[in-house]
Amino acid sequence: MEETPKTAIRGMMLYVIALIVLGVLAGAVYTIYGHPADPSERPAAETIPQKATAPQ
């Protein structure tokens, strides 16, 4: 079995590093822009109607 060329190993490392960097950037963008800017906006959980109690 032949040895893996060093260029292929470098390429894979570069690919993995690029994925990590993109993931960190996407997380930062989501943290900044992903949630509503208006704090007075009600959370989605509050808009779900509650079930009425069953008659006895």
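Remember, it's a predicted structure, so these values are computed and weren't measured experimentally.

Draft legend 1. Examining the overall build of the protein chain more closely. In terms of regular secondary structure, the protein chain is built from two helices and zero strands. Counting every position in the protein chain, which comprises 56 residues, the buried fraction comes to 0%. When the accessible area of the protein chain is evaluated, it comes to approximately 5900 Å², of which 68% is carbon and sulfur surface.

Draft legend 2. Structural context of the UniProt feature "transmembrane region" (unreviewed entry) in the protein chain. The UniProt entry lists residues 12–33 under the feature "transmembrane region" (unreviewed entry), expressed in the numbering used here. Within residues 12–33, the helical portion is 100% and the strand portion 0%, while the C-alpha atoms at the span's ends are 31 Å from each other.

Draft legend 3. Representation of a nonpolar patch on the surface in the model. Taken together, the side chains of I9, M13, I17, V21, L22 and L25 define a hydrophobic patch exposed on the protein surface, amounting to about 570 Å² of accessible area. Relative to the helices and strands, V21 resides in helix α1 (residues 6–33). A relative accessible area of 43% means that V21 is categorised as partly exposed.

Parameters at a glance
- Each chain carries its own residue numbering, running from 1 in the written order of its sequence.
- Totals for whole chains, interfaces and linings use every residue, but because this is a predicted model, local features are given only for residues with pLDDT of at least 70 and side-chain atom pairs only at 80 or more, for both listing and counting.
- To obtain the side-chain values, all non-hydrogen atoms of the structure were included, while hydrogens and water were left out.
- A run of H or I in DSSP counts as a helix once it spans at least four residues, and a run of E counts as a strand once it spans at least two, with each numbered from the N terminus.
- Only protein chains enter the accessibility calculation, which uses a 1.4 Å probe; a residue is then buried when its area is under 20% of its type maximum, exposed when over 50%, and partly exposed in between.
- All accessibility values rest on the Shrake-Rupley procedure with a 1.4 Å probe; residue burial counts only the protein chains present in the view.
- UniProt positions are given in the numbering used here, feature names are shortened, and annotations may be inferred rather than shown by experiment.
- Two distance rules govern patches: like charges are joined within 9 Å, and nonpolar side chains (Val, Leu, Ile, Met, Phe, Trp, Tyr) within 5 Å, applied only to residues with over 30% relative accessible area and no salt bridge.
- The salt bridge definition used is simple: a Lys or Arg side-chain nitrogen within 4 Å of an Asp or Glu carboxyl oxygen.

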